[in-house]
Amino acid sequence: MKDILIIAEIAQAHEGSLELAFKYIDELAKTGVDAVKFQVHIAEAESSIHEPFRIKFSIDKSRYDYWKRMQFSLEEWKSLKERCEQLNMEFLASPFSNAAVDLLEEVGVKQYKIGSGEVTNFLLLEKIANTGKPLILSSGMSSYSELDETVKFLQERNVDFSILQCTTSYPTVPENYGLNVISEMRNRYSVTIGYSDHSAKIETCIAAAALGAEILEFHAVFDRNSKGPDASSSLEIEEIKTLVSAVKSISLALNSPIDKGDNSRFLELKNIFEKSLSVNKDLPADHIIKYEDLEAKKPKGFGIDASKFKKVIGKKLTKSIEQWSFLNFTDLEE
């Protein structure tokens, strides 16, 4: 199993401010995440004045106006990518139009992230397929039948892709996490499977990692009580630090399989913790040992192994033995 790829998504938390975007990158670098992800919205290419708000949170008159305010120039995007790489994190982005793909090609991304709403946007997927670069596909709003069609589309174009189980719900409640889907997708598609989280709880990604998710994605925000569209379903910086530490431990554990057939490394401890048979009362010579006469005491090796108690029941003592003394085969008749 590969190391788990941990992606922190800034999305629109930067509120259209380049300075704030840089601040997010700098703070996320301290958490240990592997990649920072943005969303590239080019209002004219992807939206119209008729697009409704998912939730009303801003002063913008329309969603189109909001996307317009979130835009950065090509040079600004390049500077964000450069900052990520200076801090040893991958710059990732989700394009929401063909024009955004053209921009990201100029920025120089290594791979693409596809948002849940774009899974059936074959026009966009065709554009990305033509770049020859891999992509990560979120599946939040898609049924298996829809995913099957998209997987077929990508396979026919020899695209290297992975899929994230995702629930498009903000914030996602536990009964909607869909952790079972991680193994279902792995068996169904035989590709790398990950988990994209909107629960605002660190245990969700920890559970996904333990269940074999090889990519984890979550939203990052400085303050979960802020007004952004994803704030309530995001993790704060200190939570991300805790999550990353936990996931890296889980990744190390999953990549370090234990051979349960070999317990040789425990021999010293076994001699300390395992037990020998003893008697729980004074017993005279010629006494016939019964189960009720026996106790097991540490350490191992001073009497008959406790695991062999059945071999002494019904045996006759060759001598008297004091309470709590260890019992050995030399104390018994053949």
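Reading the values: rules and limits
Think of each chain on its own: its residues are numbered from 1, step by step along the sequence as written. It should be noted that, the model being predicted, local features are given only for residues of pLDDT at least 70 and side-chain atom pairs only at 80 or more, the latter also being counted only at that level, while totals for whole chains, interfaces and linings use all residues. Side-chain measures here rest on the full set of heavy atoms in the structure, leaving out hydrogens and waters. What counts as a helix is a DSSP run of H or I of at least four residues, what counts as a strand is a run of E of at least two, and both are numbered from the N terminus. The rule is simple: take the accessible area with a 1.4 Å probe, protein chains only, and divide by the maximum for that residue type; under 20% is buried, over 50% is exposed, in between is partly exposed.

Details of unusual backbone geometry
For step 1, the next point in the chain: The amide bond that connects tyrosine 170 to the next residue, proline 171, takes the cis arrangement and shows omega of -15°.
For step 2, the next point in the chain: Counting through the fold element by element, proline 171 comes out in the loop between strand E6 (161-166) and helix H8 (180-189).
For step 3, the next point in the chain: Note that the residue after lysine 298, namely proline 299, is joined by a cis bond; omega there is 0°.
For step 4, the next point in the chain: In this structure, proline 299 sits in the segment after strand E10 (294-297).
For step 5, the next point in the chain: Despite not being glycine, alanine 200 shows a phi value in the positive range, around 65°.
For step 6, the next point in the chain: Tracing the backbone through its elements, the reader meets alanine 200 in the loop between strand E7 (193-197) and helix H9 (202-210).
For step 7, the next point in the chain: Classification of alanine 200 as buried rests on a relative accessible area of 12%.
For step 8, the next point in the chain: Although it is not a glycine, aspartate 286 sits at a positive phi angle of roughly 70°.
For step 9, the next point in the chain: Looking at the element boundaries, aspartate 286 is found in the loop between strand E9 (276-279) and E10.

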